[in-house]
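So you can see what is in the structure, the chains are spelled out below.
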Amino acid sequence: MIKVAINGYGTVGKRVADAVAAQKDMKVVGVSKTRPNAEAFVAKQRGYPLYIADLSKKPAFEKVGLSVAGSVEDMCKQADVVVDATPGDIGATNKPLYEKLGIRAIWQGGEDHEVAGFSFNSSCNYKDAIGRKFVRVVSCNTTGLCRIIHAIDQEYGVAHVHAIMVRRGSDPGEIKKGPIDAIVLDPVSVPSHHGPDVLTVLPRISITTMAMIVPTTMMHMHAIQITTKKDVARDRVIELIKTHPRMGLIKKSAGIKSTAELKEFAMDLGRPRSDLYENCIFEDSIYANGKELCFFQAIHQEADIVVENIDAIRAMMGAEKDAAKSIKMTNDALGFSPIQNNH
Ligand code: NAD
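Residues numbered from 1 in each chain as written. Predicted model: local features only at pLDDT ≥ 70, side-chain atom pairs only at ≥ 80, totals over all residues. Heavy atoms only, no water.

Let us look at the domain arrangement of the protein. Taken domain by domain, the protein comprises domain 1 (2-138 + 305-339) and domain 2 (140-304). Here domain 1 and domain 2 have C-alpha centroids that lie 25 Å from each other. Domain 1 puts 28 residues into the contact, and the matching count from domain 2 is 31 residues. It is Arg15, Phe336 and Ile339 in domain 1 that bury the most area against domain 2; as a group they hold 30% of the surface buried on that side. The tally of links from domain 1 across to domain 2 stands at seven salt bridges. At the boundary of domain 1 with domain 2, the tally comes to 15 residue pairs in polar contact (both at pLDDT 80 or more). (Domains from an automatic or database assignment. Contact = heavy atoms within 4.5 Å. Buried area = accessible area lost by both parts, 1.4 Å probe. Salt bridge = Lys/Arg side-chain N within 4 Å of Asp/Glu carboxyl O. Polar contact = N/O pair within 3.5 Å; in protein donor to acceptor, adjacent residues only side chain to side chain.)

Below, the structure written as structure tokens:
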């Protein structure tokens with residue numbers, strides 16, 4: 001059993017904890033919170049030992065009936081690997097602790113590549129993560145881009161990618177972020193950070209990205225145009241998507257034209273937290289003409305990186321050397337069947 005600690009039990013951390021708990025070869029040894037909020041009660045309900053970043057807050061937790069198992073350091077001492085899911089830029093400040101304890105650590109996309117010196121995507125560079133001490137799982141948008149770009153590159157060779165990211169303004173549970181009534185260019189300048197971030201995983205890809213934020217919470221939407229080296233066949237692209245373990249096809253028959261309908265579908269299918277772990281690529285948007293390929297894909301920001309964290313744990317621990325086997329183990333444990341199998 002691989003013993004996993006989750007430092008930061010928020011949007012990403014709580015999902016990673018449940019995904020770890022679902023794996024046959026992994027166990028949650030603890031999760032950490034900074035304050036006793038609703039998520040801390042969820043951790044208690046799930047039976048995850050609760051640790052806290054600042055022990056002086058222990059009475060505040062105990063006052064509301066939440067028992068505290070110890071400090072974040074105590075938690076890390078129990079683990080083989082810690083998944084750091086604290087907010088962006090906080091994770092890097094935890095690195096000295098992990099180094100002191102000699103524990104393996106995974107950071108999220110809110111941290112810079114340099115925190116780990118290695119950026120991960122299980123479909124692209126799983127083998128390079130085997131045995132590593134530190135790994136960074138790239139952001140939700142970068143994960144979605146890497147999956148599809150790598151698949152197209154392997155089949156046709158990618159000459160250039162141009163991607164426009166229409167990003168959600170906040171996660172559903174965040175009440176203080178926006179915008180409420182604006183389309184915000186984020187950043188105004190081109191390229192956005194996503195293109196360079198893709199290069200941390202796929203260094204030989206030529207890519208330009210632009211990004212904006214809109215008043216929605218459910219998902220991101222990407223408009224992607226890829227110039228390939230060989231002529232593209234639309235049917236083959238559809239086949240590549242259908243057979244990829246982390247990509248899904250939204251067929252015309254479902255009549256889905258929006259992130260709202262897609263999340264509703266995921267809820268109705270009974271997905272945990274209505275999570276969509278796969279890239280959701282709209283079949284009808286797939287346009288292939290010579291060396292030009294265009295399509296829309298929706299990315300569930302809270303979910304696609306969760307399964308990547310699980311594979312990263314297995315690779316770092318050397319528990320499974322084959323990416324495809326790890327991906328299958330992860331997917332199967334979550335009972336995850338790609339979206340096209342359901343319509
Ligand atoms: P979040 O704010 O929802 O959760 C962070 C958790 O960490 C909270 O429970 C908070 O209490 C806790 N925390 C705060 N400071 C801490 C500290 N010093 N020590 C321990 N715990 C602390 O954040 P999130 O959205 O889950 O993001 C976590 C990371 O994942 C970030 O790097 C982010 O960029 C990345 N990420 C987020 C999303 C998303 O959709 N939210 C998607 C991909 C990647």
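Taken together, eight strands build an open sheet; the order of strands is β4-β3-β2-β1-β5-β6-β8-β7 and the sheet is parallel. The two strands at the open ends of the sheet, each matched to only one other strand, are β4 (70-71) and β7 (119-120). Taken together, the three bridges between strand β5 (residues 81-84) and strand β6 (residues 104-107) define a ladder with parallel strand orientation. What sits directly across from Val83, in β6, is Ile106. (Pairing = 2+ DSSP bridges. Helix = DSSP H or I, 4+ residues; strand = E, 2+ residues; numbered from the N terminus.)

Once that is clear, we can look at helix α7 (residues 140-156). When the terminal C-alpha atoms of α7 are compared, their 25 Å separation across 17 residues agrees well with the 24 Å that a helix rising 1.5 Å per residue should span. Judged by how many residues are buried, α7 sits mostly within the fold: 14 of 17 residues are covered. Backbone geometry just downstream of α7 places Gly157 in the positive-phi region, at approximately 80°. (Expected span 1.5 Å × (residues − 1). Buried < 20%, exposed > 50% of the residue type's maximum accessible area, 1.4 Å probe, protein only.)

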